[in-house]
Amino acid sequence: MKKIFTILCLAAIGLTLSRCKDPLENVTLNITGDVINYSTVLQIEDGNGSPVNDIQVSISGADGDHIYNMEGYKQFTVAEGTLVLGVDPSYEPTADRPTEFVVELRKSGYLTQKVPVTISMQQAPAIIQVNMLDLNNLPIGVAVSMQTEALVNNATTRDLVFQTRRENYAERITTVRISRGTQFHEINGNLLEGSTLNSTLITLDAAIPEALAVFPGGSLIARGVRKTDGIHADGVFNPAAVSNIDFTVGGGEVRGFSQAINVAMEIDPAFTNLRTGGTVQAGDQLEIYSYNTGEGVWKYEQDVSVSSTDGQLVAEFETDHLTWYMVGNFVESCNTPSSFNLTGSWLQDNFNYPFTVRALIGNRVITTLEASIMTNNNTVVIPGLPASGITIEVVRDGEVLASQAIDGACGAATTINLTQPIEGPTVSLQLYVRCPIDNGIISYIPTFYVFYREPAGSSNDGWQLLGIASNGFLNTTKLTAGNRYDFRAIWGSKTRTVLNRVVQETNEAVIGNGEGDIIPRDNALDFVAENCGNQ
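Keep in mind that what you see is a predicted model, and the values were worked out from it rather than measured.

Details of the pairing of strand 10 (residues 160-163)
Only one face of strand 10 is covered, namely the face carrying Leu-160 and Phe-162; the face carrying Val-161 and Gln-163 is uncovered. Pairing analysis gives 4 bridges linking strand 10 to strand 11 (residues 174-178), with the strands arranged antiparallel. Pairing of Val-161 across the sheet is with Arg-177, part of strand 11.

Structure below.
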């Protein structure tokens, strides 16, 4: 298996918080080769806040051949719902060429996600939030309906109606009507043979953020969309309704019909139609786009006129194929990523500041990043945004520190000033690792991501980004000295979790099995030994 760099004495990822004696005594440093400088993290959840593991990961796209895990291998493992990816040091992004690739995530019982990723020059480390829809544990705003109907001679014997319900806070209904005598075809046009037709309909209520979080592609920003003129472009969707329609006959996936079927999708009545600039009304024109799950690409289908039926606004159309459908607006994005410099007079040097950065269009959150910035690395890059009509929000601990409308941002960096939140005193973490080969302490530790949470049962017991530990050091104001926290450190596919630790204002630790060290061999030194002195 190809590896792009070697670290002869590689630090283990482990985290504990306690004082120790002479942490730099007998320092040993032995490093050779390149180190990955550009990385990104996918935080993969099920739409309900729970991490998804045991995922089959594949990388493709323009620069997919240059993407590795942080150990330098083409082996991609999801640890605690976290996937860390790095760019080959010899193929780092430049000012005029960002690194672009697609991450495909597959797991049985979940809908596959194909997530486009762009890494730009000089951008701060960021975490991309991705949700995979678990059909057995639906997030609010998602309704699923399954139905089985008999076929005779591979065809329907009567008119059939398939419909989702108003349930799980999803107030919008999708209805599919199939006429008598309809037969079904596979992707190559061949007739599917079988005695039963099995259907799965999924409705995402576009008014509910938790439902839109499982939108195909991982966000409302889409790459390579085929527009009305047939030309492909990147852009942003503003959904009024989203549905997935899936049929099988005899175990084969239905991709076509002998005659067109009718689809009616109810529309969020509070939807802002970007064509008119106002709330959607009967008679408005909206666009319909379909999603090719194999290629991970959306394409324009047709315009549709909004009608009113029984007090509900509806987009009704005919189609001859099955997939995801989005009714709403598409806005083409800039050719270059948008950059945002986060500043504030209260930001201190050598501190990590984790923020949630959200981009909105038409009151819809189109993408969310978890970014960790420092005063000397404070640029957040978001690809795929339009030149105007976007609002950027920066949030910390639920408090909005900035909300700024963006106009004319193509190719330019926009400065966003952050108001000062309530800050606690400084807490610093410094980690060292003892090498089991010669008992020396490694002073170089790779950059890794640190998460924290309050212990189970508290009001804030979900994992949150604490920051990026550089050479084992991290300064933060998000922790309170004397309080207990759980911590998780992630480097590549390696994850270490430490529970219920009391923090002090200054925390030093040596990970090893020497006198005064913490985390015994069976918990951490197993993979120190794997990477220290034996390459």
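Focus on the pattern of salt bridges
Counted under the stated rule, the structure contains 14 salt bridges. As a salt-bridge pair, Asp-303 and Arg-275 come within 3.0 Å of each other at their nearest N and O atoms. Taken together, the positions of Asp-303 in strand 22 (residues 297-305) and Arg-275 in the loop between strand 19 (272-273) and strand 20 (278-279) put the pair 28 residues apart, joining distant regions of the chain. For Asp-303, a relative accessible area of 30% gives the class partly exposed. Each of Glu-104, Arg-106 and Lys-114 takes part in salt bridges that share partners, so that together they form one network.

Observations concerning the environment of Glu-370
Take Glu-370: it is sitting in strand 28 (residues 364-373). Judged by relative accessible area, Glu-370 falls into the buried class, the value being 19%. Expressed as a C-alpha distance, the spacing of Glu-370 and Thr-356, which sit 14 residues apart in the sequence, is 4.7 Å. A polar side-chain atom of Glu-370 sits 2.9 Å from a polar atom in the side chain of Thr-356.

Brief notes about the sheet that holds strand 3 (residues 56-60)
Strand order in this open sheet of 3 strands is 3-6-7, and the pairing throughout is antiparallel. Each having just a single partner strand, strand 3 and strand 7 (113-119) make up the two edges of the open sheet. Each strand of the sheet is rotated relative to its neighbour by a mean of 25 degrees, with strand direction disregarded. Pairing of strand 6 (residues 99-106) with strand 7 involves 7 bridges; the strand directions are antiparallel. The residue bridging Glu-100 from the neighbouring strand is Thr-118, located in strand 7.

Topic: the sheet that holds strand 28
Pairing is mixed in the open sheet, where 8 strands are placed in the order 4-5-2-8-28-27-30-31. Where the open sheet ends on each side, the last strands, each with one partner, are strand 4 (67-68) and strand 31 (399-407). One ladder, built from 2 bridges, connects strand 4 with strand 5 (residues 82-87); its direction is antiparallel. Bridged to Ile-67 within strand 5 is Val-87.

Regarding the pairing of strand 27 (residues 353-361)
Of all 9 residues in strand 27, 8 are buried; the element is thus mostly enclosed. When strand 27 meets strand 28, the two strands line up antiparallel, connected through 9 bridges. If you follow Arg-358 over to strand 28, its bridge partner there is Thr-368. Counted between consecutive antiparallel strands, the loop separating strand 27 from strand 28 contains 2 residues, among which Gly-362 sits at a positive phi close to 55 degrees.

How each quantity is defined
Residues numbered from 1 in each chain as written. Predicted model: local features only at pLDDT ≥ 70, side-chain atom pairs only at ≥ 80, totals over all residues. Heavy atoms only, no water. Buried < 20%, exposed > 50% of the residue type's maximum accessible area, 1.4 Å probe, protein only. Helix = DSSP H or I, 4+ residues; strand = E, 2+ residues; numbered from the N terminus. Pairing = 2+ DSSP bridges. Salt bridge = Lys/Arg side-chain N within 4 Å of Asp/Glu carboxyl O. Polar contact = N/O pair within 3.5 Å; in protein donor to acceptor, adjacent residues only side chain to side chain. Axes fitted to C-alpha atoms, helices over the stretch in contact; angles between N-to-C directions.

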